[in-house]
Amino acid sequence: MGAQRPSGGPRARAWKVDKGRRRGAPYEDVHRFVRPDGSVIWASVKAAVVPNGSTIRGYIGVVEDITVQRERERALAEAKERAEAATRAKGDFVAAMSHEIRTP
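This structure is a prediction, so every number in the text was calculated from the model and none was measured.

**Student:** Hey, could you run me through the overall build of the protein chain in this one?
**Tutor:** Counting its secondary structure elements, the protein chain contains two helices and three strands. Mapped from its N terminus to its C terminus, the protein chain presents α and β elements in the order α-β-β-β-α. Across the 104 residues that make up the protein chain, the buried fraction comes to 12%. As displayed, the protein chain has an accessible area near 8400 Å², and 56% of this comes from carbon and sulfur atoms.

Structure, rendered in structure tokens:
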């Protein structure tokens, strides 16, 4: 992939994986990676333990690039905020005009 995770999170994530492993729960998380060119990509990571009796044989998992999905979610949230601001402005305008029309 040629990307690196920013510093500050591996220990916390290792703790989550270990905690889930002890419960037998699969690991799921979203990670932010920074490519060598400085661009950011987002990845959904899902993993599970492959048991071997009472020991762990290994792990199996999937890493999916969800950068486009994250960008679309962000664009949708921004559009929603703009629409809500327009609705508030319209309501303020109608209230002001209503007051002006009724006031001689």
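Further notes follow.
**Student:** Please clarify how the packing of aromatic side chains should be interpreted in this entry.
**Tutor:** Aromatic rings in a pair are described by how distant their centres are and how their planes are angled relative to each other. On inspection of all chains with the given rule, the structure shows zero aromatic pairs. It is Arg 70 that lies over the ring of Trp 42; its NZ or CZ is 3.8 Å from the centre.

**Student:** What's the story with the pattern of salt bridges in this structure? I'm lost.
**Tutor:** Pairs may arise between side chains of opposite charge once their charged atoms sit close together. Tallied over the full model, the rule gives three salt bridges. Where Glu 84 meets Lys 80, a salt bridge forms, and the shortest distance between an N and an O atom there is 3.4 Å. In this pair, Glu 84 and Lys 80 are both assigned in helix H2 (residues 67–102), four residues apart and thus about one turn of the helix distant. As a salt-bridge pair, Glu 81 and Arg 88 come within 3.4 Å of each other at their nearest N and O atoms.

**Student:** In this structure, what is going on with the pairing of strand E3 (residues 55–65)? I would like to understand it.
**Tutor:** The side chains of a regular strand alternate between the sheet's two faces. Of all eleven residues in E3, one are buried; the element is thus mostly exposed. Judged from the ten bridges that link them, strand E2 (residues 40–52) and E3 form a sheet pairing that is antiparallel. Note that in E3 the partner of Pro 51 across the bridge is Ile 56. What sits between E2 and E3 in their antiparallel hairpin is a turn of two residues, with Gly 53 showing a positive phi close to 70°.

**Student:** When you look at the sheet that holds strand E1 (residues 27–34) in this model, what are you seeing that I'm missing?
**Tutor:** Two modes of strand pairing occur in sheets, parallel and antiparallel, and in both the strands are linked by backbone hydrogen bonds. Spatially, the three strands line up as an open sheet ordered E1-E2-E3, and their pairing is antiparallel. The open sheet has two edge strands with one neighbour each: E1 and E3. The average angle at which neighbouring strand axes cross in this sheet is 30°, direction not considered.

What counts, and where the lines are drawn
- Residues numbered from 1 in each chain as written.
- Predicted model: local features only at pLDDT ≥ 70, side-chain atom pairs only at ≥ 80, totals over all residues.
- Heavy atoms only, no water.
- Helix = DSSP H or I, 4+ residues; strand = E, 2+ residues; numbered from the N terminus.
- Buried < 20%, exposed > 50% of the residue type's maximum accessible area, 1.4 Å probe, protein only.
- Areas by Shrake-Rupley, 256 points an atom, 1.4 Å probe, with all protein chains shown as cover.
- Phe/Tyr/Trp six-rings, centres within 6.5 Å; stacked < 30°, edge-to-face > 60°.
- Lys NZ or Arg CZ within 6 Å of the ring centre and 35° of its normal.
- Salt bridge = Lys/Arg side-chain N within 4 Å of Asp/Glu carboxyl O.
- Pairing = 2+ DSSP bridges.
- Axes fitted to C-alpha atoms, helices over the stretch in contact; angles between N-to-C directions.

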